[in-house]
Amino acid sequence: MKIGIADLPWPFLAEPRVIAQNGAGTWHDLQTLMIEAGLGAPDQAASLPATLSRLSALGSSGRKKLERALGSAEHPIAHPALAAPIDPLAKILLTEGRVALARSNDQLPAKMVVGFSKFASACAAPGAALRLPDPAARYDVEAVLVAVLGKPASRVSAGEATRSIVGFTLMAEITNRDMFEREWKTSNNLYAKNHRGLTPLGPAIWVASPSELDAATEITLSLNGAVKQRFAVSDFAHSIANAAKAWSRTVLEPGDMVALGAAIAKPRPGNEVDSPVEIRTGDRIEVACAPIGTLRATIAG
């Protein structure tokens, strides 16, 4: 099952709703479906964090019941316009750099989980036409796998961190490299990583536990149809569980996200982890992962 965010006329005015996609590819309003399946109540909050928390609490048996109801649901939503699947108040913590990668721009040893924060306002919808804030500057992109929290996590163990994750999505993480190099001199990167609406997120959240994500699952970044990055979950220098454990020191809440990208993928024969990948006006970006889908965006002129 995959879930996303879309504006629906419910009941009279368009408002963001959490919708779910079944195996046949049709979308349905998730709160209505949960009520009809006896897994929710009309007075329960329908926000994305509240929905993720409820999905996490259902456990595998409850989610299987929901998936059966979704498979037989009628009255699908036709061609919903998906938004970035993130709450405006959610945190994104991206594990980056300081990893011994022979083909990376960063050669420092991976002694601890480090990285940066990404604001929800920096995220763009799937299929977005992105406009570079400063066309004269250099920009680059990285493929990123994003783990989505369904339970609170504060200074938890790796096992507890794993149980806090309710699903996964994708990110095309875009950086203003000129700004980054200026900020780096002050040990910061906040501006370079957080241009408003410049980082695509989606296309949806695949609802699954980390145990359902095979270690051989690959994530790819394609630019204008050519694969530029290819790596598997098993290539990460820090596991998803250990990254979530480390970032739980910041106190994670349902809807928050822990992300891992090509920059911490260890080189091996058959993968491509060169990072970063430069982008220009007119480029077509695709980040793909089989169980999640394909996140697409273009750099508009």
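Residues numbered from 1 in each chain as written. Predicted model: local features only at pLDDT ≥ 70, side-chain atom pairs only at ≥ 80, totals over all residues. Heavy atoms only, no water.

Engineer: Sorry if this is basic, but what is going on with the layout of surface pockets here?
Structural biologist: Rolled over the atoms, a probe with the dimensions of a water molecule shows which regions are left empty. Volume-wise, the second largest pocket comes out at about 290 Å³. Looking at the second largest pocket, it is lined by 17 residues, and the ones nearest its centre are Ala83, Ala84, Ile86, Asp87 and Pro88. It is strand β2 (residues 14-21) that contributes the most residues to the lining of the second largest pocket, 3 residues altogether. Per-class residue counts for the lining of the second largest pocket are 11 nonpolar, 3 polar and 3 charged. (1 Å grid on protein atoms, 1.4 Å probe; cavity = no way out; pocket = protein on both sides within 12 Å on 5 of 7 lines; lining within 4 Å. Points joined across faces, edges and corners; volume = space filled by probe spheres on them. Helix = DSSP H or I, 4+ residues; strand = E, 2+ residues; numbered from the N terminus. Nonpolar A, V, L, I, M, F, W, Y, C, P; charged D, E, K, R; others polar.)

Engineer: What am I meant to see in the packing of aromatic side chains here?
Structural biologist: The way to describe two aromatic rings as a pair is by their centre distance and the angle between their planes. Counted according to the given criterion, the structure contains 2 aromatic pairs. Directly above the ring of phenylalanine 180 sits arginine 177, whose terminal nitrogen or CZ lies 4.6 Å from the centroid. (Phe/Tyr/Trp six-rings, centres within 6.5 Å; stacked < 30°, edge-to-face > 60°. Lys NZ or Arg CZ within 6 Å of the ring centre and 35° of its normal.)

Engineer: What is the right way to look at the environment of alanine 41 in this model?
Structural biologist: Within the secondary structure, alanine 41 sits in the loop between α1 (30-36) and α2 (48-71). Taking the relative accessible area as the measure of exposure, alanine 41 reaches 24% and is therefore partly exposed. With 112 residues separating them in the primary sequence, alanine 41 and alanine 153 have C-alpha atoms 26 Å apart. In this structure alanine 41 touches Gln31 and Ile35, once residues within four positions along its chain are discounted. (Buried < 20%, exposed > 50% of the residue type's maximum accessible area, 1.4 Å probe, protein only. Contact = heavy atoms within 4.5 Å.)

Engineer: Could you clarify how one ought to interpret the pattern of salt bridges in this entry?
Structural biologist: Any two side chains of opposite charge can pair if their charged atoms end up close together. In total, this model carries 10 salt bridges according to the counting rule given. The closest approach of N and O atoms between arginine 17 and aspartate 29, which form a salt bridge, is 3.0 Å. Pair noted here: arginine 17 is in strand β2 and aspartate 29 is in strand β3 (residues 27-29), with a separation of 12 residues, a long-range link. Residue arginine 138 is joined to aspartate 178 by a salt bridge in which the shortest nitrogen-to-oxygen separation is 2.6 Å. Of this pair, arginine 138 sits in the loop between β8 (129-130) and β9 (139-149) while aspartate 178 sits in helix α4 (residues 177-184), and the two are 40 residues apart along the sequence. A relative accessible area of 35% places arginine 138 in the partly exposed class. What emerges from the salt-bridge pattern is a single network uniting Lys118, Glu173 and Lys193. (Salt bridge = Lys/Arg side-chain N within 4 Å of Asp/Glu carboxyl O.)

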